[in-house]
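Chain by chain, the residues run as shown.
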Amino acid sequence: MAGKSKVLIIGGTGYIGKFIVEASAKEGHPTFALVRESTVSDPVKGKVIENFKNLGVQLLYGDLYDHESLVKAIKQVDVVISAVGHMQLADQVKIIAAIKEAGNVKRFFPSEFGNDVDRVHAVEPAKTAFSIKAQIRRTIEAEGIPHTYVPANCFAGYFLPTLAQPGAMAPPPPRDKVIILGDGNPKVVFNNEGDIGTYTIKAVDDPRTLNKILYIRPPKNTYSFNELVALWEKLIGKTLEKTYVPEDQLLKQIQEAPIPINVVLAINHSIFVKGDHANFEIEPSFGAEASELYPDVKYTTVEEYLSLFV
């Protein structure tokens with residue numbers, strides 16, 4: 001396993017972070033996770049930490065808000081991956097400052113894993129949320145830090161168990177009626193979280209992804225909402241009653257909804273109505289598509305995923 005970069009994940013116990021940590025360890029990278037002392041004794045996060053230890057992950061105690069601990073952790077690795085949550089996106093400037101001071105980082109992956117924030121047509125409040133990520137990109141570029149951005153589009157585990165139905169929090173997907181935002185025709189991409197972790201780690205030492213955007217847009221995971229509903233109908237052998245929500249009605253709902261529902265609705269508007277996952281071509285000048293770069297990865301398809309709920 002010689003020659004594989006040492007990887008530090010910040011936000012590794014979070015929703016997508018734990019999949020990235022796991023993938024890094026399984027791909028044979030010396031893997032480090034920055035954790036707070038308090039996290040280890042947390043009943044839920046403690047189980048995640050236990051799993052990390054079993055995978056051979058080295059825990060480094062520190063905090064995003066403790067500059068010295070950040071620099072110390074970063075000096076031990078080659079690559080830094082941030083998977084911090086929504087509330088800490090802007091605070092990634094602290095990671096950037098620590099990377100600059102440490103001076104040894106070969107590549108930084110900021111917390112992305114959603115839409116390509118430079119290519120969205122979003123309304124507020126999603127617009128501001130996306131612009132924070134875009135601002136972090138600009139800071140990384142201005143500081144001359146080698147980087148890779150990974151827009152992972154939709155987390156399958158978040159959207160597919162409910163077919164992205166408003167207000168539904170748990171599986172199974174609907175078997176009688178389904179609500180479709182807009183006309184249901186824009187293409188949307190749904191990726192298994194484990195595959196997002198794997199593709200992210202594959203890019204770590206790949207010169208083809210240096211200072212580029214790695215899009216996770218596998219063909220078998222790219223569906224319009226109408227196609228997704230048709231697939232689900234085929235799997236359960238039943239036709240659903242469809243209600244289409246026109247864009248102007250959705251925009252009104254966004255304006256009237258409380259926080260954080262308005263954020264979720266506005267992100268869904270960008271994804272399902274504007275089609276911001278796949279309404280542009282990936283040009284070699286700025287990016288590459290993960291399943292093309294890494295054809296050896298057997299990714300979980302949307303059909304395989306939905307089959308679990310039949």
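Residues numbered from 1 in each chain as written. Predicted model: local features only at pLDDT ≥ 70, side-chain atom pairs only at ≥ 80, totals over all residues. Heavy atoms only, no water.

Thoughts on unusual backbone geometry
What counts here: Secondary structure is summarised from DSSP: a helix means a run of H or I of at least four residues, a strand means a run of E of at least two, and numbering begins at the N terminus for each. For every residue, the accessible area (1.4 Å probe, protein chains only) is compared with the maximum for its type, and the residue is labelled buried under 20%, exposed over 50%, or partly exposed between those bounds.
Put simply, Glu-124 and Pro-125 share a cis peptide bond, and its omega is 0°. Of note, Pro-125 is situated in the loop between strand 5 (107-109) and helix 6 (126-142). Residue Pro-260 is bonded to the preceding Ile-259 through a cis peptide linkage, with omega at 0°. Even without glycine at this site, Leu-163 takes up a positive phi of about 50°. Its location among the elements puts Leu-163 in the loop between helix 7 (156-159) and strand 8 (177-181). Even without a glycine there, the phi angle at Ala-164 is positive, about 55°. Note on placement: Ala-164 falls in the loop between helix 7 and strand 8. The class of Ala-164 is buried, set by a relative accessible area of 17%.

Some words on the sheet that holds strand 13 (residues 287-289)
Across a sheet, strands are paired by hydrogen bonds formed along the backbone, either parallel or antiparallel in direction. Under the convention used in this document: For two strands to pair, DSSP has to find at least two bridges joining them.
Here we have 3 strands laid out as an open sheet, ordered 6-10-13, and parallel in their pairing. The sheet terminates laterally at strand 6 (148-149) and strand 13, the two strands that pair on one side only.

Quick word on the sheet that holds strand 1 (residues 7-10)
Just so we agree on the cut-off: Axes here refer to lines fitted to C-alpha atoms; in helices the fit is confined to the stretch in contact. Angles between the N-to-C directions go from 0 to 180 degrees. Contact between two residues is taken to exist if any of their heavy atoms lie within 4.5 Å; hydrogens are not considered.
Taken together, the 5 strands give an open sheet; going across it, the order is 3-2-1-4-5, and neighbouring strands pair in parallel fashion. Single-partner strands in this sheet number two, and they are strand 3 (58-61) and strand 5. Geometrically, the sheet is characterised by an average inter-axis angle of 20° between neighbouring strands, direction not taken into account. Relative to strand 3, strand 2 (residues 31-35) is paired through 4 bridges, and the arrangement is parallel. Looking at strand 3, one finds that Phe-32 is bridged to Gln-58. Contacts between helix 1 (residues 17-26) and the sheet are confined to strand 1, strand 2 and strand 4 (79-82), with strand 1 contributing the most and set at about 170° to the helix.

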